[in-house]
Amino acid sequence: MKIMKGNTPLDTVTKVDVVNSPFVSKDVDFIDYDGTLLYSYTLEDIQKMNELPPLPERDGLICQGWNWNLEDIKAHNRRLIVGATYITDDGKTRIYIDLTSEDRLEMSLYFSQTVKNGVEVDWGDGSPVETFDKSSAYTYIFPTHKYKNVGKFVITFNSMDGCILRFGASNYNNNITGSNYVNNKYARQHYSNAIYKVNIGKNVSLDNNFQFDDCRNLREATIPNSITKIGSSLFNECYSLSCVIFPSSMTEFGQNLFNYDYSLKVVSIPNGISAMPGSIFQDCYNLDEVILPDSVIDLSKSNVFAGCYNLKEIIIPKNVTSLAYQLFAGCYSLKEIVIPYGVTSIGNSAFSNDHHLKKIIIPDSVTSMGSQVFSSNKTLREVIIPDSVTEIGSTTFGYCDSLIKVKLSKNITTIPQSMFVQCYSLPEIEIPENVMSIGNSAFNSCYSLLEIIIPNKVINIAASAFNSCYSIKKYDFSKHIQVPTLENTNAFSSIQSDCQIIVPDALYDEWIAATNWSYYADRIVKVSEVKA
């Protein structure tokens, strides 16, 4: 089949079969814009190289270079994906569309130009080229066009020198680009789904939001090295997009860039990017590898990799200091992660629902951990919280079914709410000596705990703190010099008949008469009465 660009036919470019590529992935992969593996080298090979491999050639495109230089690749000295960046051979931006319904042949564009008549639009069906007598970076043009028949067409945008072209986000139902926040989202999808390829040319800005949002059949896109900034949600909900290469000129991404891009598998991020915006890869189910350059110092925005079910491995760059809310939440395939020294805070739910995470190393630079940091990690077995940590949130290890060993920081002063709730396999825990309170449901349903020593500084035990701890035979309060407050009689619900609450002899009478403690008077025994 021929694709028409104006009156000139273009041969369809056949995508190289990545699976049957003659190259085997090693340490440093060089890929084309569609994810095709072109070259691959070991780290040792890279260190011996004097120049980068030859650039690929593609019909209708000019390869501008690799998005990493050799010096930076050598300095990176670990696994890396290097990508080829392209611009169109005539400098024009091309949007490839496939119209399949006779009832949906009239469509619209939505863009701005900074110079009157600065952008020529060719609809690709032989109709006259159009220009428009409006100019402003923020005044948008809304031309419509009706095709005579179904088929594949290439819409070209020739942005003249001195003019900047921006695609906008509109609320028109038949607009092929822009946001899906329209009166009838589903009516518009027929038009946005017509786009299957985009090649960005010269004199174009991608700093607007939602420019190709919800283009669900978009499979390929090229971004030239004139682009420095990309707005939010550029490729949001582009379900078919499998590979994106960012040029070395890039300095800033917008948030939600690839939200729900279920087919996205390969991304090449250049050196020089300093921050990952919020939700940039959220729910990219097939993304199994992301390589962050050491230039990245900011992972403080939420949901960056949340819901990346197939993400198996990631190295957090060495200069990152904060891990955000739900940073890796729901990364089911992530098995191990090393947090670099220098990170001081770990946000709420940063590693929650990572069902295959078995090992994590927390450096002693970390001082605070939010709530639910490791909650619902079904295979996590061992964690050491360094003594540098002074603040820790609720449900930190809640629902970690396989957890068998935890060392807590000696400098925390509370066991927060639901910290170990439903940690069914945890056989023992040492509560640090500085702990003063045990929160609601802190050890609720810890079925395997056998005994527990309560430090003498603990002055408050909240409701359901040890509810359903069926195997505990001994609660040891023998070092206490005062009776701690028991907030509710359900603190030890389901306590077994042979379980003992051991208290100092001198406090026994006061203990069994104290509020809510009296409910457990028949379980409270003096230290002197405990059998060896």
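Further up the page is the structure itself.
Residues numbered from 1 in each chain as written. Predicted model: local features only at pLDDT ≥ 70, side-chain atom pairs only at ≥ 80, totals over all residues. Heavy atoms only, no water.

Attention shifts here to the overall build of the protein chain. Looking only at helices and strands, the protein chain has four helices and 35 strands in total. For 532 residues, the compact-globule estimate of 2.2 N^0.38 gives 24 Å, and the C-alpha radius of gyration of the protein chain, at 30 Å, exceeds that figure by more than 25%. With respect to the three principal axes, the spread of C-alpha positions in the protein chain is 100 × 60 × 40 Å. A buried classification covers 56% of the 532 residues belonging to the protein chain. At a minimum sequence separation of 6, the contacts of the protein chain that also span at least 24 residues come to 44%. Across the protein chain, 44 positive and 57 negative side-chain charges occur, with their mean positions spaced 2 Å apart. (Helix = DSSP H or I, 4+ residues; strand = E, 2+ residues; numbered from the N terminus. Rg over C-alpha atoms; globule rule 2.2 N^0.38 Å. Buried < 20%, exposed > 50% of the residue type's maximum accessible area, 1.4 Å probe, protein only. Contact = heavy atoms within 4.5 Å. Lys, Arg positive; Asp, Glu negative; His and termini not counted. Charge placed at Lys NZ, Arg CZ, Asp CG, Glu CD.)

Our focus in this paragraph is the layout of surface pockets. Here the largest pocket is characterised by a volume of approximately 500 Å³. Every residue lining the largest pocket is counted, 20 residues in all, and those nearest its centre are Leu 408, Ile 429, Glu 430, Ile 431 and Pro 432. Tallying contributions element by element places strand 27 (residues 405-407) first for the lining of the largest pocket, with three residues. Classifying every residue of the lining of the largest pocket by side-chain character gives ten nonpolar, two polar and eight charged. (1 Å grid on protein atoms, 1.4 Å probe; cavity = no way out; pocket = protein on both sides within 12 Å on 5 of 7 lines; lining within 4 Å. Points joined across faces, edges and corners; volume = space filled by probe spheres on them. Nonpolar A, V, L, I, M, F, W, Y, C, P; charged D, E, K, R; others polar.)

Considering the arrangement of structural elements, one finds Pro 340 in the loop between strand 21 (336-338) and strand 22 (345-346). C-alpha separation for the pair Pro 340 and Ser 402, spaced 62 residues apart in sequence, amounts to 25 Å. Setting aside anything within four residues of it in sequence, one finds Pro 340 in contact with Ile 316, Pro 317, Lys 318, Pro 363 and Ser 365.

Okay, the environment of Asp 509 next. Looking at where Asp 509 falls in the secondary structure, it is placed in helix 4 (residues 508-513). Taking the C-alpha atoms as reference, Asp 509 lies 61 Å from Ala 275; in sequence the two are 234 residues apart.

For the rest of this paragraph, the subject is the sheet that holds strand 34 (residues 500-503). Strand order across the open sheet formed by four strands is 30-32-34-35, with parallel pairing between neighbours. Each edge of the sheet is formed by a strand with only one pairing partner; in this case those strands are strand 30 (451-453) and strand 35 (524-526). Adjacent strand axes in the sheet meet at a mean angle of 20 degrees when their direction is disregarded. (Pairing = 2+ DSSP bridges. Axes fitted to C-alpha atoms, helices over the stretch in contact; angles between N-to-C directions.)

Take the nonpolar core next. A general feature of soluble globular proteins is that nonpolar side chains tend to end up buried together. Residues Phe 281, Phe 305, Phe 351, Phe 420 and Phe 443 are the most contacted members of the largest nonpolar core, which totals 131 residues. Secondary-structure elements contributing two or more residues to this core are strand 7 (93-99), strand 10 (119-122), strand 13 (151-159), strand 14 (165-167), strand 15 (195-199), strand 34 and helix 4. Dropping the residues within four chain positions of it, Phe 305 is found in contact with Phe 281, Val 290, Leu 292, Leu 311, Ile 314, Leu 327, Phe 328, Ala 329 and Cys 331. Residues Phe 30, Tyr 41, Trp 68 and Ile 81 belong to the second largest nonpolar core, which totals 25 residues. (Core = buried A, V, L, I, M, F, W, Y, C linked by side-chain atoms within 4.5 Å.)

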